[in-house]
2 protein chains.
Amino acid sequence: MSKITIAIDAMGGDHAPAEICKGAVLACKEFEDIEIILTGDEDKIKACLEPHPRIKIQHTTEIITMDEHPANAIRKKKDSSMRIAMEMVRSGEAQGCVSAGNTGAIVAGGVLVVGRLKGIDRPALGVSLPTIERPSFMIDVGATVRCKPENLLQFALMANIYAEKILKIKNPEIKLLSNGTEEIKGDETVLGAKSLIEARKNLNFQGYLEGNEIVWGHSDIIVCDGFNGNVALKFGEGIMQGLKSLLFDEIKKSFMAKFGLLFLAPVVKKLWTRFNYEKYGGTPLLGVKGSVIKAHGRSKAPAILSAISAARTFIEEDGASLISSEI
Amino acid sequence: MSKITIAIDAMGGDHAPAEICKGAVLACKEFEDIEIILTGDEDKIKACLEPHPRIKIQHTTEIITMDEHPANAIRKKKDSSMRIAMEMVRSGEAQGCVSAGNTGAIVAGGVLVVGRLKGIDRPALGVSLPTIERPSFMIDVGATVRCKPENLLQFALMANIYAEKILKIKNPEIKLLSNGTEEIKGDETVLGAKSLIEARKNLNFQGYLEGNEIVWGHSDIIVCDGFNGNVALKFGEGIMQGLKSLLFDEIKKSFMAKFGLLFLAPVVKKLWTRFNYEKYGGTPLLGVKGSVIKAHGRSKAPAILSAISAARTFIEEDGASLISSEI
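Residues numbered from 1 in each chain as written. Chains lettered and ligands numbered in written order. Predicted model: local features only at pLDDT ≥ 70, side-chain atom pairs only at ≥ 80, totals over all residues. Heavy atoms only, no water.

Asker: Quick question: what am I supposed to make of the interface of chain B and chain A here?
Answerer: Buried accessible area, meaning the area lost when the parts come together, often serves as the stated size of an interface. The partner chain A presents 57 residues to the 57 residues of chain B that form the contact. Between chain B and chain A the total buried area reaches about 5,200 Å² when both faces are included, carbon and sulfur atoms providing 74% of it. For the pair chain B and chain A, the number of links is six salt bridges. For Asp187(A), the salt bridge identified is with Arg146(B), shortest N-O distance 2.9 Å. On inspection of chain B and its partner chain A, the count reaches ten residue pairs in polar contact (both at pLDDT 80 or more). Ranked by residue count, the leading element in the side of chain B that touches chain A is helix 8 (residues 226-253) of chain B, at 20 residues. (Contact = heavy atoms within 4.5 Å. Buried area = accessible area lost by both parts, 1.4 Å probe. Salt bridge = Lys/Arg side-chain N within 4 Å of Asp/Glu carboxyl O. Polar contact = N/O pair within 3.5 Å; in protein donor to acceptor, adjacent residues only side chain to side chain. Helix = DSSP H or I, 4+ residues; strand = E, 2+ residues; numbered from the N terminus.)

Asker: Before we go on, may I ask you to explain the relation of the copies chain B and chain A in this structure?
Answerer: Here the second copy of the chain follows from the first by a rotation about an axis and a shift along it. Mapping chain B onto chain A is achieved by rotating through 180° and translating by 0.0 Å along the same axis, at an RMSD of 0.0 Å. Considering both components of the superposition, the chain copies are consistent with a two-fold axis. No C-alpha of chain B approaches the rotation axis more nearly than that of Gly260(B), which lies at 2.0 Å. Mapped onto chain A, 100% of the interface residues of chain B are again interface residues, and the two copies thus contact each other with one and the same surface. (Least-squares fit on C-alpha atoms with pLDDT ≥ 70 in both.)

Asker: What should I look at first to understand the sheet that holds strand 8 (residues 204-210) of chain B in this one?
Answerer: Strands in a sheet are paired, the pairing made by backbone hydrogen bonds, and the direction either parallel or antiparallel. All names here are of chain B. As summarised here, the arrangement of the eleven strands in space is 3-2-1-4-11-10-5-6-9-7-8, forming an open sheet in which the pairing is mixed. Of all the strands in the sheet, just strand 3 (55-59) and strand 8 have a single pairing partner and so form its edges. When strand polarity is set aside, the average angle formed by the axes of neighbouring strands in this sheet is 25°. Two strands pair when backbone bridges link them, and strand 7 (residues 173-178) and strand 9 (residues 221-223) are joined in this way by three bridges, in the parallel orientation. Directly across from Lys 175, in strand 9, lies its bridge partner Ile 222. Docked against the sheet, helix 6 (residues 149-166) engages strand 5 (124-129), strand 6 (136-139), strand 7, strand 9 and strand 10 (282-286), running at close to 165° with respect to strand 9. (Pairing = 2+ DSSP bridges. Axes fitted to C-alpha atoms, helices over the stretch in contact; angles between N-to-C directions.)

Asker: I tried to follow the pairing of strand 3 (residues 55-59) of chain A on my own but got confused; where do I start?
Answerer: Each regular strand carries side chains that alternate between the two faces of the sheet. Residue and element names in this part refer to chain A. Here strand 2 (residues 34-40) runs beside strand 3; their pairing, made up of five bridges, is parallel. Across the sheet, Leu 38 pairs through a bridge with Ile 57, a residue of strand 3. In this fold, strand 2 hands off to helix 2 (residues 42-48), which returns the chain to strand 3; that crossover is right-handed. (Right-handed = clockwise from strand over helix to strand, strands pointing away.)

Asker: Quick question: what am I supposed to make of the packing of aromatic side chains here?
Answerer: Overall, the coordinates contain five aromatic pairs over all chains when judged by the stated rule. The interplanar angle of 65° and the centroid separation of 6.4 Å between the aromatic rings of Phe235(A) and Phe235(B) together place this pair among those described as edge-to-face. Of the two residues, Phe235(A) is situated in helix 8 (residues 226-253) and Phe235(B) in helix 8; the pairing between them involves two chains. Phe235(A) gets classed as buried once you look at its relative accessible area, which sits at 7%. These aromatic residues form a ring-pair network of at least three members: Phe137(A), Tyr162(A) and Phe314(A). Sitting above the plane of the Tyr208(A) ring, Lys194(A) keeps its charged end 5.6 Å from the centroid. (Phe/Tyr/Trp six-rings, centres within 6.5 Å; stacked < 30°, edge-to-face > 60°. Buried < 20%, exposed > 50% of the residue type's maximum accessible area, 1.4 Å probe, protein only. Lys NZ or Arg CZ within 6 Å of the ring centre and 35° of its normal.)

Asker: What is the right way to look at the sheet that holds strand 9 (residues 221-223) of chain A in this model?
Answerer: Residues and elements named next belong to chain A. Ordered by their spatial adjacency, eleven strands build an open sheet running 3-2-1-4-11-10-5-6-9-7-8, and the pairing between neighbours is mixed. Every other strand in the sheet has two partners, leaving strand 3 and strand 8 (204-210) as the edge strands with one partner each. The sheet shows a mean angle of 25° between the axes of neighbouring strands, taken without regard to direction. Judged from the three bridges that link them, strand 10 (residues 282-286) and strand 11 (residues 291-295) form a sheet pairing that is antiparallel. Bridged to Thr 283 within strand 11 is Lys 294.

Asker: What am I meant to see in the packing of helix 9 (residues 255-274) of chain A against helix 9 (residues 255-274) of chain B here?
Answerer: Each pair of packed helices can be described by the angle between their axes along with the distance between the axes. Interaxial distance between helix 9 of chain A and helix 9 of chain B falls to 7 Å at its minimum, and their mutual angle equals 135°. Accordingly, the angle class assigned to the pair helix 9 of chain A and helix 9 of chain B is oblique. Remark: the crossing between helix 9 of chain A and helix 9 of chain B carries left-handed chirality. Residue-level contacts link Met256(A), Ala257(A), Phe259(A), Gly260(A), Leu261(A), Phe263(A), Leu264(A) and Val267(A) of helix 9 of chain A to Met256(B), Ala257(B), Phe259(B), Gly260(B), Leu261(B), Phe263(B), Leu264(B) and Val267(B) of helix 9 of chain B. (Parallel < 35°, antiparallel > 145°, perpendicular 65-115°, else oblique. Left-handed = near helix turned anticlockwise from the far one by under 90°.)

Asker: Would you mind going over the confidence of the model for chain A with me for this structure?
Answerer: Fine structural detail should not be taken from predicted coordinates in areas where pLDDT scores are low. Mean pLDDT over chain A: 92, with 98% of residues reaching 70 or higher. The ipTM, which scores confidence in the relative placement of chains, is 0.85 for this predicted complex, and the corresponding pTM is 0.89. (pLDDT = per-residue confidence, 0-100.)

Asker: What exactly am I supposed to notice about helix 9 of chain B here?
Answerer: Since the α-helix packs 3.6 residues into each turn, any two residues three or four apart lie on the same face. Helix length check: helix 9 of chain B, at 20 residues, gives a terminal C-alpha distance of 27 Å against a target of 28 Å (1.5 Å per residue), a fit within 8%. Its axis deflected by about 65° at Leu264(B), helix 9 of chain B carries its strongest bend there, up to four residues before the proline Pro266(B). (Expected span 1.5 Å × (residues − 1). Bend = angle between axes of the 7 residues up to and from the residue.)

Asker: What's the story with the nonpolar core in this structure? I'm lost.
Answerer: Side chains of a nonpolar character, in soluble globular proteins, are inclined to be buried together. Core analysis: the largest hydrophobic core is formed by 169 residues, its most contacted members being Met138(A), Ile139(A), Val223(A), Met138(B), Ile139(B) and Val223(B). Excluding its chain neighbours within four sequence positions, the residues that come into contact with Ile139(B) are Ala124(B), Leu125(B), Gly126(B), Phe155(B), Ala159(B), Ile221(B), Ile222(B), Val223(B), Cys224(B) and Leu286(B). (Core = buried A, V, L, I, M, F, W, Y, C linked by side-chain atoms within 4.5 Å.)

Asker: What is the right way to look at the state of the cysteines in this model?
Answerer: When the sulfur atoms of two cysteines share a covalent bond, that bond is a disulfide. Residue and element names in this part refer to chain A. Applying the stated criterion to the full structure yields zero disulfides over all chains. In this structure Cys 48 is not part of a disulfide, and its nearest cysteine sulfur, from Cys 21, lies 3.8 Å away. Just so you know, Cys 147 is unpaired, no disulfide at all, and the nearest cysteine sulfur is the one on Cys 224, 8.2 Å from it. Note on Cys 147: relative accessible area 11%, which makes it buried. (Disulfide = S-S within 2.5 Å.)

Written as structure tokens, this is what we have:
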């Protein structure tokens, strides 16, 4: 069994390094074939890491924070935990990397450190959204804020390969997020992307998708620019968090409701688990020369585990080569 | 008491004309000072209208459907129920109009028939979103698909007046929807709008708002382009509809859950009612010479009532003049 080496930014995210280290250990227990290199402050990592034969530490002295300018941070902080993890991918020391840190910096590092695939103008972050019918792979959710039609076409092509080869969806349905399903909807960019994608006969393009359809899972792939994708994704998270807190505030107020919850709890729990983003912890940065996975900033160990799992699958299937050979 | 005359497109929306007529009657019962002119097919209207001394019918022969090209439909269908209602506003026969029909056509009609206010380049649809802390007035939710920074500034100025004078919010907080709260977020358009809005010292501008904050109501006014606003608004509706159907599917499966619901029902109902868009049925088209209110396409009588109520308040406060005097 050939080993897969994954570099993990131990200092990125709200719960770093403790939950990152826990997630790494969970991953080594679940996957026999992976080796992990944790990049970050050696003392801080050792303080919370349960030692494991397949986990090494690469000491680094800098950290990229959430509010730093992404490109500048990646350029200047040459010894940051995130940049070092990405340099290991470029050098081949690791086949992939995972970070729960500054999203913009991960995207910038993907381009400046790991490097863009030939034929890809802009990278894209894709996430498997939980929906009612089936997970929908939404691309882009924040890598490329505003797009040209050509960018959206490239996102569709990359997502199509990712969905077929990694998510194992046969002939995935692709829809373009728009402000309505009618032909006449969309602005110049969306209209332009529509005709470019339609022209690719190898893509199973099904036209526009509007906001209220997202939750029903009317498509395997949802193509949109990084601004819309980011707003929609965060809005969805916010609604789930908001409803949860409202529900429990209301229940606290009423004995009857508390009593009712005893019986309804399994249902509420089931719905919550189903729409819990932690299960969808691994967000691939598509369009770069390697497996670069972004984990949610609020990731705890289970989310880090699923991000590592996503990196592992992407490496096993050699996702980057598949994409470059298609483009 | 001076009478307020409101023209209502009786043929627009999924439940026209029956629910539109019911809503008109509800409005006449609630507001002594209004007179309503229903525009549409006289026979069809009479067939479902409970006669009322303050409701007149203006017979029209054409209907603008949901999938027609908005501007073309408004230009060509000179005897459509929607266009006639808007011409009554232009002529002064009515001070305001309400339609649950084709949103694009309402916007086009607002510009081509009712007319744009001097100093406003593009109109905007604003909607009071239900949130946890307080309603947030989101503008634009679909009138102007993509915007220049100047458009977003004008939306902020119009929303500020609407929030102060119509919604009676003192010194309303304004935030700009973006892909993060950090200074460096946003694309050229959003960044440009940010500096234009910041420069207006009379506006209480509080910077960026990201998607997950929408539901918490961290701002009185949320400024965004019509594409983002439309996607977010519909996504929110979709999630509520989706959760409702999932919850009841799950409950059907389990006797325990059914039993639990007996006790939890008031809480679930309370949450649902609170986030039910029907209570927010009236969406003003700001930037035109009169009171033009869009009702949700799925509107039933209660939503039509609240749309008429919104039109009435806008007319009473003379919203259009307030906006033009400020711009």
